[in-house]
Amino acid sequence: MNPASQHPGVNIIAIHGKAPKIHETAFIAPGCTIIGDVEIGAGSSIWYNCVLRADVAPIRIGERTNVQDGSVLHCDGPKPGDPDGCPLIIGDDVLIGHMAMVHGCTIADRGFVGLGAIAMNKSVIGSDAMLAAGAMLTEGKVMEPRMLWAGRPAKPLRELNDAAIAGMRLGVAHYAENAEHHAEAVGEALG
């Protein structure tokens, strides 16, 4: 089946012979544009007006991950001395807040990117780690698991406690449930 027909109001564009692969259980909100070598896993959600552009390197998104409204995801292709470029790899159960800029980095399972935060090429957000709202994780910086980083440029603040991590997991569950409601509402509105 044509992915565009499964996701009304979404621009799904193939480029360089590569088309997005979206799991049938993923929710993609109207107004999104998904281009090229993008893979989106089961139960994940891409919210209103996001852009995922994989025209020069792959974007991989795991299961139950949410990319919230207005976020931009991109990557960098191979260059002299860097044959692999900077693909964007996002694990399972990741939260990416509204208006985030996520570029050519790695976000491990259960990582968190706050509202309006920026993660740059070859940076790494560890599992259960949080990049605070408005923070900028500069190129090549590595956040260890369970750490909170904040600021521009982002620096380590403290280790996250169990309550903070439990809160992030509740956020994942909330977005998974809310995506089901929005999928139904979008189907009724555009169907």
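Anyway, here's the lowdown on the structure attached to this text.

### What to know about the overall build of the chain
Then step 1. Tallying secondary structure elements over the chain gives two helices and 20 strands in all.
Then step 2. For the chain, whose C-alpha radius of gyration is 16 Å, the value lies close to the compact-globule estimate of 16 Å for 191 residues.
Then step 3. Within the chain, the proportion of its 191 residues that are buried is 46%.
Then step 4. A separation of at least 24 residues holds for 22% of the contacts in the chain among residues at least 6 apart in sequence.
Then step 5. Here the chain has roughly 8,800 Å² of accessible surface; of this, 57% comes from carbon and sulfur atoms.
Then step 6. Of the charged side chains in the chain, 14 are positive and 21 negative; the average position of the first set lies 8 Å away from that of the second.

### So, the pairing of strand β20 (residues 155-159)
Then step 1. A small share of β20 lies buried, amounting to zero of its five residues.
Then step 2. Direction of pairing for strand β19 (residues 147-150) relative to β20: antiparallel, over a ladder of four bridges. Counted as the bridge partner of Leu 148 is Arg 158 from β20.
Then step 3. What sits between the antiparallel neighbours β19 and β20 is a turn of four residues, in which Gly 151 has the positive phi angle 105°.

### Side note on the side chain of Asn 121
Then step 1. Position of Asn 121 among the secondary structure elements: in the loop between β14 (118-119) and β15 (124-125).
Then step 2. A polar side-chain atom of Asn 121 sits 2.7 Å from a polar atom in the side chain of His 103.
Then step 3. The residues touching Asn 121, leaving out its near neighbours within four places in the chain, are Asp 76, Cys 86, His 103, Gly 104, Glu 139 and Gly 140.

### Focus on the packing of aromatic side chains
Then step 1. On inspection of all chains with the given rule, the structure shows four aromatic pairs.
Then step 2. An angle of 65° between the planes, with centres 5.2 Å apart, marks the rings of Phe 27 and Trp 47 as edge-to-face. Here Phe 27 is found in strand β3 (residues 27-28), whereas its partner Trp 47 is found in the loop between β5 (45-46) and β6 (51-61), with 20 residues between them in sequence.
Then step 3. Looking at Trp 47, the relative accessible area reads 3%, which means it is buried.
Then step 4. Between Trp 47 and Tyr 175, the ring centres sit 5.4 Å apart and the planes meet at 80°, which makes this aromatic pair edge-to-face.

### A short note on the layout of surface pockets
Then step 1. Taken as a whole, the largest pocket spans an internal volume of roughly 230 Å³.
Then step 2. By residue number, the principal contributor to the lining of the largest pocket is helix α2 (residues 162-190), which donates six residues.
Then step 3. Tallied by class, residues from the lining of the largest pocket come to eight nonpolar, six polar and one charged.

So, how was this worked out
Residues numbered from 1 in each chain as written. Predicted model: local features only at pLDDT ≥ 70, side-chain atom pairs only at ≥ 80, totals over all residues. Heavy atoms only, no water. Helix = DSSP H or I, 4+ residues; strand = E, 2+ residues; numbered from the N terminus. Rg over C-alpha atoms; globule rule 2.2 N^0.38 Å. Buried < 20%, exposed > 50% of the residue type's maximum accessible area, 1.4 Å probe, protein only. Contact = heavy atoms within 4.5 Å. Areas by Shrake-Rupley, 256 points an atom, 1.4 Å probe, with all protein chains shown as cover. Lys, Arg positive; Asp, Glu negative; His and termini not counted. Charge placed at Lys NZ, Arg CZ, Asp CG, Glu CD. Pairing = 2+ DSSP bridges. Polar contact = N/O pair within 3.5 Å; in protein donor to acceptor, adjacent residues only side chain to side chain. Phe/Tyr/Trp six-rings, centres within 6.5 Å; stacked < 30°, edge-to-face > 60°. 1 Å grid on protein atoms, 1.4 Å probe; cavity = no way out; pocket = protein on both sides within 12 Å on 5 of 7 lines; lining within 4 Å. Points joined across faces, edges and corners; volume = space filled by probe spheres on them. Nonpolar A, V, L, I, M, F, W, Y, C, P; charged D, E, K, R; others polar.

These figures come from the coordinates and say nothing about function on their own.
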